[in-house]
Amino acid sequence: MAAASTSGASSSSALSNSLTLDPAIRTWVLVPISLAMFLIGVIRHHASRLLATGPRKVELKAVRESQAVMRASRLRMNHAWISREASFRMRRAFFNDKKEGVLQQKVKNNNPQAQMMSDPSMMQDMMMKNMSMIIPQSLTFMWVSFFFSGFVMAKAPFPLTQKFRVMLQRGIDISGSLDVTYVSSLSWYFMNMFGMRGLFTLTLGEGNAIDDTALMQQQMEQAGAGMDKANAFVMERENLELIEARDGMVYEKAEERAAKVLKRALRAR
C-alpha cells in the first residue's frame, strides 16, 4: 500500500508538471510576437537612418592622440614578449624621447560637456537615438503584457536547471510548480529582444542602426575623445620609464627548455 501510494504521488506530480500546449498558441502568440519584434527592428533601423544627421567630423589630431595612448599601453603590457632589449628601447624612445617623443607633446583637453553645449546637434542626435530605442521597446512591452500575459507558449527540448526559471517563466503565477523547461510569453519577448542580432545582421547588414555593439563602440570612441589626455600621456610615459627591459626576458635559454621538452616527449614514446 505504501509503495502504491508513493507511485501514485510521483505520477500525479509528473502530470502536474507536464502540460499539453494548444497548437493555436503557436499561431496566435508565438509567431505574432516574433514577427512584431522583427518588423519593429526594421522600422527602427530605417527611422534611425532617416533621422541621422550624417557622420560627425572628428579632428585628426584628437584621433592620433587617443591612438598614441592605446599603443603605449599595449607596449607596456606586452613588453615581455619582445626578445631584444634594443627593440623595446627603440619603441620606448618613440614615445618618451624628450625632444621628439609622442608622449612628450603638449595636448589640450576637450571638455565633452562644453563641446556638447557648443554643438546642439550632438545632444539632439543622442536624444533621437535614445528615444528611437526606448519608445518602441516600451510600447512593445506594454502590448505583450496586455494581450499575451500568462501564456505558456513553448517548451525547451532539453532539460534545464532551476536557475533558468526566473528567466524563462516571467509573468506566470504557477511557475513554482511548473517544469522549468516551459517558456512564458513575456520571457519569449525578452529572448526575441536580445536574440535577434544575427537575424538583423543577415537582413539589414553589418553595422545596422539597431546593432548594440556598434552603439557601444561609438560610446567608447566618444569616451576616448573626451578623456584627460594630458594626464594619460604623463601616466603612460612614467609607466614606460619604470619598465626594466631585459634582453631575452621570455626567450632566455629557450633552446635548452625546448631540448628538455623534446627529450621528455621521446622518452614517453
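Here the structure is a predicted model, which means the values were calculated and not measured.

Quick word on the pattern of salt bridges
Between side chains of opposite charge, pairing is possible as soon as their charged atoms come close. With the rule as written, the count across this model stands at one salt bridge. Taking the shortest distance from any N to any O, the salt bridge between Glu-236 and Arg-76 comes out at 3.2 Å. With Glu-236 in helix α11 (residues 229–242) and Arg-76 in helix α3 (residues 60–77), this residue pair connects regions lying 160 residues apart in the sequence. The exposure class assigned to Glu-236 is buried, which follows from its relative accessible area of 9%. Judged by relative accessible area, Arg-76 falls into the partly exposed class, the value being 26%.

Some remarks on the packing of aromatic side chains
Each pair of aromatic rings is reported with the distance of its centres and the angle of its planes. For the coordinates displayed, the defined rule picks out eight aromatic pairs. A centroid spacing of 6.0 Å and a plane angle of 50° characterise the contact between Phe-141 and Phe-190, whose relative ring orientation is tilted. Here Phe-141 is found in helix α6 (residues 120–147), whereas its partner Phe-190 is found in helix α8 (residues 185–195), with 49 residues between them in sequence. Ring centres of Phe-146 and Phe-147 lie 4.9 Å apart, and the angle between their planes is 85°; on these two criteria the pair is classed as edge-to-face. Within the aromatic cluster, the residues linked to one another by ring pairs are Phe-141, Tyr-189 and Phe-190. The ring of Phe-190 is capped by Arg-170, whose NZ or CZ atom sits 5.8 Å from the centre of that ring.

So, the nonpolar core
Ranked by internal contacts, the top residues of the largest apolar core, which has 19 residues, are Val-29, Ile-33, Met-153, Trp-188 and Tyr-189. Mapped onto this core, the elements with two or more residues apiece are α2 (23–51), β1 (152–155) and α8. Among the elements that take part in this core, α2 stands out by supplying seven residues, more than any other. Beyond its immediate chain neighbours, meaning those up to four positions away, Ile-33 contacts Trp-143, Val-144, Phe-148, Ser-185, Trp-188 and Tyr-189.

A short note on the side chain of Arg-165
Along the chain, the position of Arg-165 falls in helix α7 (residues 165–168). Buried and unpaired, Arg-165 has no salt bridge, with Asp-179 as the nearest side chain of opposite charge at 5.8 Å. A distance of 2.7 Å separates a polar atom in the side chain of Arg-165 from a polar atom in the side chain of Gln-162.

Brief notes about the confidence of the model for the protein
In this model, the protein carries an average pLDDT of 77, and 73% of its residues clear a pLDDT of 70 or more. In the model of the protein, helix α1 (residues 2–17) stands out as the element of lowest mean pLDDT, 40, in contrast to strand β2 (residues 182–184), which has the highest, 90. Low pLDDT (under 50) marks residues 1–16, which in the prediction has one contact with non-local residues, meaning those over four places away or in another chain.

Some details on the side chain of Ser-185
When you line up the elements, Ser-185 lands in helix α8. Under the relative-accessibility criterion, Ser-185 is labelled buried at 2%. If sequence neighbours within four positions are ignored, Ser-185 has contacts with Val-29, Ile-33, Val-144, Phe-148, Ser-149, Gly-150, Phe-151 and Met-153.

Calculation criteria
- Each chain has its residues counted from 1, running along the sequence as written.
- Local features are withheld for residues below a pLDDT of 70 in this predicted model, meaning they are given only at 70 or higher, and side-chain atom pairs are given and counted only at 80 or more; totals for whole chains, interfaces and linings count all residues.
- With hydrogens and water stripped out, all remaining heavy atoms of the structure feed into the side-chain values.
- Salt bridges are counted wherever a side-chain nitrogen of Lys or Arg sits within 4 Å of a carboxyl oxygen of Asp or Glu.
- Going along the chain from the N terminus, every DSSP run of H or I of four or more residues is numbered as a helix, and every run of E of two or more is numbered as a strand.
- For every residue, the accessible area obtained with a 1.4 Å probe (protein chains only) is divided by the maximum for its type, and the residue is called buried under 20%, exposed over 50%, and partly exposed between those limits.
- Only centres within 6.5 Å qualify two rings of Phe, Tyr or Trp (six-membered ring in Trp) as a pair; their planes then separate them into stacked at under 30 degrees, edge-to-face at over 60, and tilted for everything else.
- Think of it as a cone above the ring: NZ of Lys or CZ of Arg counts as a charge over the ring if it is within 6 Å of the ring centre and within 35 degrees of the ring normal.
- Side-chain atoms within 4.5 Å are what join buried Ala, Val, Leu, Ile, Met, Phe, Trp, Tyr and Cys residues into a set we call a nonpolar core.
- Throughout, a residue-residue contact means that at least one pair of heavy atoms, one from each residue, lies within 4.5 Å.
- Counted as positive: Lys and Arg. Counted as negative: Asp and Glu, with His and the chain ends omitted from the count.
- Any pair of N or O atoms that falls within 3.5 Å is considered a polar contact. Within protein, one atom must be able to donate a hydrogen and the other to accept it, and sequence-neighbouring residues count only if both atoms are side-chain atoms.
- The pLDDT value tells you how sure the predictor is about a given residue, anywhere from 0 up to 100.

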